[in-house]
Amino acid sequence: FDGLSSWLRGEPGEPAPPSEQAGFEARNASSYVSFPGDTKLRLLRRVQAGGESFSLLGFRSGSSLCLRLVRSSRPQAYGVNECVTLGELRSSPAPALVASEAHFHFGDPAIAVDGVFGFADDTVETIVLQRLRGDRREVEVSSNVFLFLRAQPMGTVARPGRFDPVMRVEAVTKTRARAKVPFIASDLGDYSGGLPAGPSYLAP
């Protein structure tokens, strides 16, 4: 894992909108374990999925880089939050690291939105993600982070939604070299050919 120039300058993305900063502060104040009260968020990415806007926010906390993914319309919600230490990034065997999976559901009829987000170093241009049923997507890296979300009908007990998690992640550098990123889906998906080889801090 190489440099994270945007984060080391302390200016990834742009300042978070006041509503999303206030939403974080409200959620932070209600948590038993909270971040410092003067924590300032940066807006790193904003994407649309299932008719909703999602914001990927970032901030530093001590030796950790933290990401917070929330629906833009509900900035005070719990969301998906993950911190990764600089030590974890430096010891990564690949130039990118998946910080977390993400799962949201909302609406009537219910829509399910899922995907992954994480960090990529200065050498990485895009991230390629492959789902269980073969769909491959390539997403760009900006501010040293990536975010991929996809929406589909949630389904019912009688007619469940399609099971199609992200299974594999690959980093594509600016020279078009490719590197496998250690990743195992939390629900394991279908690794009938065996779990992906290579070091990973994720246990099967």
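For the structure, see preceding data.
Here's what I pulled together on the structure shown here.

A short note on the sheet that holds strand β3 (residues 52-61)
Spatially, 5 strands are ordered β1-β2-β3-β4-β5 in an open sheet, and the strand pairing comes out antiparallel. With partners counted over all chains shown, the strands left at the sheet margins are β1 (14-15) and β5 (80-85), one partner each. Here 2 bridges tie β1 to strand β2 (residues 42-49), and the two strands are oriented antiparallel to one another. Its bridge partner being in β2, Glu14 is matched across the sheet by Leu43.

Examining the sheet that holds strand β6 (residues 96-106)
In space, the 3 strands of this open sheet follow the order β6-β7-β10, with antiparallel pairing throughout. Only two strands of the sheet have a single neighbouring strand rather than two, namely β6 and β10 (145-153). Strand after strand, the sheet turns through a mean of 15 degrees between neighbouring axes, direction not considered. In this sheet, strand β7 (residues 111-120) lies alongside β6 in antiparallel orientation, the contact comprising 10 bridges. Looking across to β7, one finds that Ala102 is bridged to Gly115.

Here's the deal with unusual backbone geometry
Between Asp108 and Pro109 the backbone carries a cis peptide bond, its omega angle lying at 5 degrees. Following the sequence through the fold, Pro109 ends up in the loop between β6 and β7. A positive phi is found at Ser143, a non-glycine position, where the angle reads about 55 degrees. Within the fold, Ser143 resides in the loop between β9 (136-140) and β10. The backbone phi angle of Arg176 is positive, close to 70 degrees, even though this residue is not glycine. Judged by relative accessible area, Arg176 falls into the partly exposed class, the value being 45%.

Here is what the cut-offs are and how they apply
- Residues numbered from 1 in each chain as written.
- Predicted model: local features only at pLDDT ≥ 70, side-chain atom pairs only at ≥ 80, totals over all residues.
- Heavy atoms only, no water.
- Pairing = 2+ DSSP bridges.
- Helix = DSSP H or I, 4+ residues; strand = E, 2+ residues; numbered from the N terminus.
- Axes fitted to C-alpha atoms, helices over the stretch in contact; angles between N-to-C directions.
- Buried < 20%, exposed > 50% of the residue type's maximum accessible area, 1.4 Å probe, protein only.

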